[in-house]
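The chain contents come next:
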Amino acid sequence: MRILNNKYAKNFDFVMFFTVILIFVIGIANLYGSLSINHKDFFDPYIVKQIIWFLIAFIVMFIIITIDYNIFIEIAYYIYGFIFILIIAVLLEGKIAHGASRWISFGMFSFQPSEFMKIALILALVRYFTFRKDKNSYSIKELLIPFVMIILPVILIAKEPDLGTALIVFFIGITIVFIAGIKRNAMMILTGIALFAGPLLWFRLKPYQKSRILIFLHPAKDYLGAGYNMMQSEIAVGAGRFFGNGFGKGSQSTLNFLPAKHTDFIFSTFMQQFGFLGGLILIGLYFILIVRGYNIVYRTKKLQGFLLGGGALSIITFHTIVNMFMTVGLLPVVGVPLPFFSYGGTSLLVDMSAVAILLNIAMRRYKFQS
C-alpha cells in the first residue's frame, strides 16, 4: 500500500509541523505590523494573498505527505522537464517586473517557475543517483549528466535575471552531488575549476549585480544609491536594540524607508519591532526546524530517502541562512525569501513542499529499519 494509512501516521513529526505553523503565524503578524502607518488593515492585499497561498500550500503539503515519496522519484524526469519548459516560457513571454522576467500570471496571482525548479532538480538528481545505488562515489565522467542537469536551469534562471535563485538552485544541486559521493580526484578537479571560474564569472555579471557585491564590501560608499537597501536594513536591525520598538512601530517599514520590507527584508522589519530578543526566538524556531529535519535525514536508511531528505533540508537551510545573513550585512543583497515568513506565494509553496517531503520520509522511516 503506497498511500497513507494509520501505521505511517504514528511517525508524523508534530514538532516540525507545528514549528512551521508558528513561524507562519508570527510572519503574518509581522507582515501586518510592517504595513505603512496610514494603511493598517488586516484585509490588506498582502495579508489576504499570503493566507490564501498558505491554505493552498497546506493542501499541497498533505497531498505530498499522503503519497509514497518513491512515486515522485519515479516521475522525477517528467517533473523536471515540465518546470524546465516553464522557465523557458518565462524568458519568452513572462511577466516583467522591476526589470526582470520571472513570473507567470494567472488572474490576481503570479508564480515563479524558477522556485519550483528547486524541488524538480532534487527529484531528478535523486532518481539519477538511485539507479546507481551500488556506487559510493562518482568520477568526473559519471557526474557529467548531473552537472548538466544543474547548470542548464541555473543559466536560464540567471538570464531572467535572478542571480539569487540561480545560486540557490546551484548550491542545492551541488549538495545532492556531495551527499551522493565524489571521488577524491574528482573533488580536487572541481575545486580547481571553481577557483578558476569564479573570477571569470565576475565579467558575466550585470552592472547592478556587481554593485551589490561591491556595496557589500563598502556599504557606506553609495548609501543613497546601490547601498541604500543594505544601509536601511542595518538601520532597522540596529534600531530594534534588545527589546525592539514594539509591534507596528518599526519606523523603517511603516514609513516606507526600507525597500522590499515584505519580502527580502522581512527579517529586518521583525528585528526592529521585536529587537534582538525577538530575533533570537525566531532563530531558535528555525534551529528547531532544521535540527528536526537533520534528524529525519540522519535516521533514514534508504538511499533515495537520504538524498531526497538532504535536498529538501538544504532548501530550508540555504533560504534561512542567506536571508538572515543578507539582512544584517553578512552577505550581499540577493532575492532570497525567509521560509514561511516572507511574503510570496511560490516561495511559500516550495518551502512547505520541502517540509512535506521531510515529513513524508519520517512517516515511512520504519520501512527502512532492519
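All values derive from a computational prediction rather than experimental measurement.

Draft legend 1. Expanded view of the overall build of the protein chain. When helices and strands are counted, the protein chain shows 15 helices and three strands. Looking at the protein chain as a whole, 49% of its 370 residues are labelled buried. By sequence separation, contacts in the protein chain at least 24 residues apart represent 75% of the contacts at least 6 residues apart. Just so you have it, the protein chain exposes about 17,700 Å², and 70% of that area is on carbon and sulfur atoms.

Draft legend 2. Quick look at the nonpolar core. With 97 residues, the main nonpolar core has Met 117, Phe 129, Leu 308 and Phe 340 as its most contacted residues. Looking at this core, the element that brings in the most residues is helix α15 (residues 345-363), giving 13 residues. Ignoring anything within four residues of it in the chain, the contact list for Phe 340 reads Val 20, Ile 23, Phe 24, Tyr 286, Leu 289, Ile 316, Leu 348, Asp 351, Met 352 and Val 355.

Draft legend 3. Summary view of unusual backbone geometry. Within the chain, Arg 241 stands out as a residue other than glycine whose phi angle is a positive 50 degrees. Summarising the element assignment, Arg 241 is placed in the loop between α11 (228-239) and α12 (251-254).

Draft legend 4. Just the pattern of salt bridges, in detail. Across all of its chains, the model carries two salt bridges by this definition. The partner of Arg 292 in a salt bridge is Asp 13, with the nearest N and O atoms 3.1 Å apart. In this pair, Arg 292 is assigned in helix α13 (residues 266-299) and Asp 13 in the loop between α1 (6-9) and α2 (14-33), connecting sequence segments 279 residues apart. With a shortest N-O distance of 2.8 Å, Glu 115 and Lys 118 are connected by a salt bridge. Pair noted here: Glu 115 and Lys 118 are both in helix α6 (residues 113-130), with a separation of three residues, about one helical turn.

Draft legend 5. Expanded view of the layout of surface pockets. By volume, the second largest pocket amounts to about 460 Å³. Elements that contribute at least two residues to the lining of the second largest pocket include exactly α3 (45-66), α4 (69-74), α5 (76-93), α6 and α15. Here the residues of the lining of the second largest pocket are counted per class, giving 17 nonpolar, one polar and no charged.

Draft legend 6. Representation of the environment of Gly 164 in the model. Considering the arrangement of structural elements, one finds Gly 164 in helix α8 (residues 163-180). Its relative accessible area of 6% is what places Gly 164 among the buried residues. A sequence separation of 158 residues divides Gly 164 from Val 322, and the C-alpha atoms of the two residues are 9.5 Å apart. Ignoring any residue separated from it by four or fewer positions in sequence, one finds Gly 164 in contact with Val 334 and Val 336.

Draft legend 7. Summary view of empty space enclosed by the protein. Overall, the coordinates contain one cavity of 30 Å³ or more when judged by the stated rule. Here the largest cavity defines a volume of roughly 30 Å³. Every residue lining the largest cavity is listed: Phe 24, Gly 27, Ile 28, Leu 31, Gln 50, Phe 340, Phe 341, Ser 342 and Tyr 343. Sorting elements by how many residues they give to the lining of the largest cavity places α2 first, with four residues. By residue class, the composition of the lining of the largest cavity is six nonpolar, three polar and no charged.

Draft legend 8. Region of interest: α3. Over its 22 residues, α3 extends 32 Å from the first C-alpha to the last, a length consistent with the 32 Å expected when each residue adds 1.5 Å. Regarding α3, the residues found buried are Ile 47, Gln 50, Trp 53, Phe 54, Ala 57, Met 61, Ile 64 and Ile 65. Projection of α3 onto a plane perpendicular to its axis shows the buried side chains occupying an angular sector of 125 degrees, all on one side. Turned more than 90 degrees off the buried face of α3, the exposed positions are Pro 45, Leu 55 and Ile 59. Where α3 begins, the side chain of Asp 44 points an oxygen toward the backbone nitrogen of Tyr 46, at a separation of 2.9 Å.

Draft legend 9. Looking closely at α13. A rise of 1.5 Å per residue sets the reference length of α13, with its 34 residues, at 50 Å; its end C-alpha atoms lie only 34 Å apart and thus fall more than 12% short of the reference. At Gly 275, α13 is bent by approximately 120 degrees, the largest bend along its length.

Draft legend 10. Structural context of the side chain of Thr 327. As for its position among the elements, Thr 327 is in helix α14 (residues 303-327). A relative accessible area of 0% places Thr 327 in the buried class. Only 2.9 Å separates the side chain of Thr 327 from the backbone oxygen of Met 324, close enough to count as a polar contact.

Draft legend 11. Just the environment of Ala 186, in detail. Relative to the elements of secondary structure, Ala 186 occurs in helix α9 (residues 184-202). Accessibility expressed as a relative area gives 0% for Ala 186, which makes it buried. Taking the C-alpha atoms as reference points, Ala 186 and Ile 140, separated by 46 residues in sequence, lie 5.4 Å from one another. When residues no more than four places from it in sequence are discounted, the contact partners of Ala 186 are Tyr 138, Ser 139 and Ile 140.

Draft legend 12. Just the packing of aromatic side chains, in detail. Enumeration over the complete set of coordinates arrives at 22 aromatic pairs. Ring geometry for Phe 270 against Phe 341: centres 5.5 Å apart, planes inclined by 85 degrees, an arrangement best described as edge-to-face. Note that Phe 270 is positioned in helix α13 and Phe 341 in the loop between α14 and α15, a separation of 71 residues in sequence. We classify Phe 270 as buried; its relative accessible area is 5%. In textbook terms, an aromatic cluster arises when at least three aromatic residues are bridged by ring pairs, as seen for Phe 12, Phe 14, Phe 17, Phe 18, Phe 24, Phe 54, Phe 58 and Phe 62.

Conventions we followed
- Residues numbered from 1 in each chain as written.
- Predicted model: local features only at pLDDT ≥ 70, side-chain atom pairs only at ≥ 80, totals over all residues.
- Heavy atoms only, no water.
- Helix = DSSP H or I, 4+ residues; strand = E, 2+ residues; numbered from the N terminus.
- Buried < 20%, exposed > 50% of the residue type's maximum accessible area, 1.4 Å probe, protein only.
- Contact = heavy atoms within 4.5 Å.
- Areas by Shrake-Rupley, 256 points an atom, 1.4 Å probe, with all protein chains shown as cover.
- Core = buried A, V, L, I, M, F, W, Y, C linked by side-chain atoms within 4.5 Å.
- Salt bridge = Lys/Arg side-chain N within 4 Å of Asp/Glu carboxyl O.
- 1 Å grid on protein atoms, 1.4 Å probe; cavity = no way out; pocket = protein on both sides within 12 Å on 5 of 7 lines; lining within 4 Å.
- Points joined across faces, edges and corners; volume = space filled by probe spheres on them.
- Nonpolar A, V, L, I, M, F, W, Y, C, P; charged D, E, K, R; others polar.
- Expected span 1.5 Å × (residues − 1).
- Arc of directions from axis to C-beta.
- Polar contact = N/O pair within 3.5 Å; in protein donor to acceptor, adjacent residues only side chain to side chain.
- Bend = angle between axes of the 7 residues up to and from the residue.
- Phe/Tyr/Trp six-rings, centres within 6.5 Å; stacked < 30°, edge-to-face > 60°.

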